[in-house]
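Given next are the chains, with one letter for each unit.
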Amino acid sequence: AKAAGRNTFAIFGGHMDELLRRRRKLEHDLRLALETRSQIEAFYQPVYSAEHKGLSSMEALARWKHPEEGFIAPDIFIPIAEEIGLIHELGAKVLEDACSVMADLPLISMAINASALELCSDGYPLRVLSRLAKWNIDPKRLEIEITESLAFGGEAHSDRNIAMLRNAGVRIAIDDFGTGYSSFSRVQNVMIDRIKIDKSFIDAVQGDSKPLIEAMINMARAKGLKTTAEGVETDEQSDALVALGCDSLQGFLISRPLARAAMIDLFNGTGKR
Ligand code: C2E
Ligand code: CA
Ligand code: CA
Ligand code: CA
């Protein structure tokens, strides 16, 4: 038993070494990618507006094309960027890409994702607003997606930053709505423009989740908020959501996230209202 234990420990130790090595290499490679402003760029997922019956906006999503490993998922590299302090550079790169798209598609609005670290950082609103000004883009065309905990957290820094951005016209959306701990009643106390209903609810829109989604949409309506359904994959889901009064649909049914050129082609073909 003792020998087996030692053996197990040795294997475990070796595995940890391997994980650490891989992690350090990813950190190093991510630093390099951001320093050289290569490898990382935004992809764009078109969003369908039920009201306009067409594509009216999109969400910019960070992509890392690693030279040896191919695409690495944001769920892997965003937390690393946050830990090693590079999330600000990453967010700036995605915003820059997003601005250049908004300059090319003047009728379309754009959503970006903000990490809690960005939203709580002092210079964030001014960095965003000066980037928009540099590109001569109306702040009303930009929406920033934040997490529920930030929107409801009552954290002084993020509250003030959200207020600064909204005063300048930037819209704020709550991402993955319904997955946090907030209750509907608190929505009235925050300054937001949209809720994005999490995919986990949309998956069951024809079943268990239907009354919940209906309640979310009605609550949003009553408060003057827009709604987007995330992760719409089937026609049945789309029909059910439109019938419930959902404003916008996003998901593989409408389009997967696309590289800039493919997205521009799509919008130029069908994107006009
Ligand atoms: P998110 O903001 O909730 O983005 C939606 C995710 O769902 C995206 O994954 C998108 O590709 C995926 N998705 C969209 N439609 C469907 C669908 O119909 N079915 C399925 N199965 N998935 C769908 P992605 O691009 O891998 O991003 C994962 C997360 O990484 C994002 O979740 C967001 O939290 C974060 N992220 C991505 N880009 C950025 C960024 O530039 N900055 C920050 N801070 N976070 C980012
Ligand atoms: Ca998002
Ligand atoms: Ca989301
Ligand atoms: Ca998510």
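Up top is the structure.
Residues numbered from 1 in each chain as written. Chains lettered and ligands numbered in written order. Predicted model: local features only at pLDDT ≥ 70, side-chain atom pairs only at ≥ 80, totals over all residues. Heavy atoms only, no water.

(A) A look at helix α7 (residues 156-167). For α7, built from 12 residues, the straight-helix expectation of 16 Å at 1.5 Å per residue is met to within 8% by its first-to-last C-alpha distance of 16 Å. Among the residues of α7, those classed as buried are Ser158, Asn161, Ile162 and Leu165. Looking down the long axis of α7, one finds its buried residues gathered within 100 degrees of arc, a one-sided arrangement. In α7, the exposed positions angled more than 90 degrees off the buried face are occupied by Ala156 and Asn167. In the core, the buried residues of α7 are packed alongside α4 (116-119), α5 (124-134), β5 (142-146), α6 (148-152) and β6 (171-177). (Helix = DSSP H or I, 4+ residues; strand = E, 2+ residues; numbered from the N terminus. Expected span 1.5 Å × (residues − 1). Buried < 20%, exposed > 50% of the residue type's maximum accessible area, 1.4 Å probe, protein only. Arc of directions from axis to C-beta. Contact = heavy atoms within 4.5 Å.)

(B) Main features of the layout of surface pockets. Its volume calculated, the largest pocket comes out at about 1100 Å³. Along the walls of the largest pocket sit 44 residues, with Glu59, Ala60, Leu61, Asn113 and Asp175 positioned nearest its centre. Only β2 (54-66), α2 (74-83), α3 (87-104), β4 (109-113), α5, β5 and β6 provide two or more residues apiece to the lining of the largest pocket. Looking at the lining of the largest pocket element by element, the count peaks at 7 residues for α3. Partitioned by chemical class, the residues of the lining of the largest pocket number 20 nonpolar, 10 polar and 14 charged. By volume, the second largest pocket amounts to about 650 Å³. Lining the second largest pocket are 29 residues, with Ser56, Ser57, Ser109, Glu143 and Arg194 sitting closest to its centre. (1 Å grid on protein atoms, 1.4 Å probe; cavity = no way out; pocket = protein on both sides within 12 Å on 5 of 7 lines; lining within 4 Å. Points joined across faces, edges and corners; volume = space filled by probe spheres on them. Nonpolar A, V, L, I, M, F, W, Y, C, P; charged D, E, K, R; others polar.)

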